[in-house]
Each structure stands twice: as C-alpha cells, then as structure tokens.
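# Structure at a glance
For reference, the chains in residue letters:
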Amino acid sequence: MAITWANILEWQTGPLDEIANELLEASQGLRAAYEKGEAALSAVQSEGEAVTAMRATTTKNLASLERALTNVNGALMAIEGARDGVGDVLAQVNGALVTATKSQCTIEADGSVHPNEPVEHIREAHLLAKGISDGVKKILEYADHVDTDLYHALQDINNDSYTIVGVVDSGPNG
C-alpha cells in the first residue's frame, strides 16, 4: 500500500515512543536474565551426567536469550529510527501546510495542490501550487521510505534474520 497524504496527516510519534520504551524495558530484562544465566553457568563446578545436561540446556537457553535480545534491540533501533523519520515527515508536512496557506493553496487528502479561489494572478498561483505539489511528492516519497525501512527491519526480525552487525550510527558523529 502506498502512503498517502491523508495517511501521514494522521501520523504521530507518541505511539512509537511508547513501543520504544516497552522494548527498552524488555531488552533490559533479557540482558539481566542472560547475565544471571551466565553467572549461574559459571558457578557450577560439579561434574557428572546431570551437570553436563544442565550445562547444555543452560547454554542452549542462553543462546535463545541472546537471539531474543538481538531481535528486541533490533526492533528498538528500527522503532527509534521510524520515530525519528516520522518526526521529520511531520515537520515537513507542517512546513508544506504553512507554505500552502501563505500561498493561498489547498493540499487535498490525496496530496494534490490547488490554488484557492478567487486567484488574482492565475499563472503565479499555479506556479506556487506546482512547487508545493513537488514538495508534497518528496514528502510522500520520504514517508514511504520511512515506512518501508521499518517494514523490512521488522520482517528481518520476524524471519529471525536480523543482525546488529553492520549497523552504522548515522548520528552527528557516525
């Protein structure tokens, strides 16, 4: 489904913030469980078949915890990236709406832009509307990119093929 202007007018960062907070809590819980399991495994000094089986089971469970932690952290990073992208889209939308208002144009729910009636200088009004329309198209392309990136990251996690290896920090120093 392609993202529409009407869709992005309803976007909010709040729900993504809530999900990110829940994922952070889950990550911390998984990390604590993993560390506790490692400590317990290291503390076992006995020998025997039962101890060997316990070590194998604990090692397998630790691997599962590590995979879950990787997936939760991946989802957290994806959600935070989407939240930032949604915030950028919303700022651009607000800018386009302000520009449209100042230019006496209307952005319709489908993203089309029309000069408001009556227009004194029709040629100038249509040029302004064309410029705003081009901006709306760029915003929609960016919104689709944000949506697609989140979709692919979550699909990788659902397929258990997500890996943090190779993730590059795109922050100010990254």
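Residues numbered from 1 in each chain as written. Predicted model: local features only at pLDDT ≥ 70, side-chain atom pairs only at ≥ 80, totals over all residues. Heavy atoms only, no water.

## Description of unusual backbone geometry
With the exception of glycine, most residues fall at negative phi, and the peptide bonds are largely trans. Positive phi is not limited to glycine here, since Gln104 has a value of about 55 degrees. With respect to the helices and strands, Gln104 occurs in the loop between helix H3 (49-102) and strand E1 (105-107). (Helix = DSSP H or I, 4+ residues; strand = E, 2+ residues; numbered from the N terminus.)

## Looking at the confidence of the model for the protein chain
Summary statistics for the protein chain give a mean pLDDT of 88 and a share of 90% for residues scoring 70 or more. Note on residues 165-174: pLDDT under 50 across the span, and three contacts to partners over four residues away in sequence or across chains. (pLDDT = per-residue confidence, 0-100. Contact = heavy atoms within 4.5 Å.)

## What about the nonpolar core?
Core analysis: the largest hydrophobic core is formed by 33 residues, its most contacted members being Trp5, Ile8, Val89 and Ile107. Of all the elements in the fold, those that place two or more residues in this core are helix H1 (5-9), helix H2 (14-43), H3, E1 and helix H4 (122-158). Per-element accounting of this core gives the leading share, 12 residues, to H3. Apart from the residues lying within four places of it in its own chain, the contact partners of Val89 are Ile8, Trp11, Ile139, Tyr142, Ala143 and Val146. (Core = buried A, V, L, I, M, F, W, Y, C linked by side-chain atoms within 4.5 Å. Buried < 20%, exposed > 50% of the residue type's maximum accessible area, 1.4 Å probe, protein only.)

## Section: the pattern of salt bridges
Across all of its chains, the model carries three salt bridges by this definition. Asp17 is the partner of Arg83 in a salt bridge, and the nearest nitrogen-oxygen pair spans 3.2 Å. Residue Arg83 is located in helix H3, and its partner Asp17 is located in helix H2; the two are separated by 66 residues in the primary sequence. Residue classification places Arg83 among the partly exposed positions, given a relative accessible area of 21%. The exposure class of Asp17 is partly exposed, given its relative accessible area of 30%. In this structure, Lys130 and Asp134 form a salt bridge, with 2.9 Å as the shortest nitrogen-oxygen distance. (Salt bridge = Lys/Arg side-chain N within 4 Å of Asp/Glu carboxyl O.)

## Structural notes on H2
The end-to-end C-alpha separation of H2 is 44 Å, in line with the 44 Å expected for 30 residues at 1.5 Å each. For H2, the complete set of buried residues consists of Leu16, Ala20, Leu23, Ser27, Leu30, Tyr34 and Gly37. Elements in contact with the buried residues of H2: H3. (Expected span 1.5 Å × (residues − 1).)

## Topic: the packing of H3 against H4
Where H3 meets H4, the axes come as close as 10 Å, and the angle between the chain directions of the two elements is 170 degrees. Viewed along their axes, H3 and H4 adopt a mutual orientation that is roughly antiparallel. Looking at side-chain class alone, the contact of H3 with H4 contains 18 nonpolar, five polar and one charged residues. (Axes fitted to C-alpha atoms, helices over the stretch in contact; angles between N-to-C directions. Parallel < 35°, antiparallel > 145°, perpendicular 65-115°, else oblique. Nonpolar A, V, L, I, M, F, W, Y, C, P; charged D, E, K, R; others polar.)

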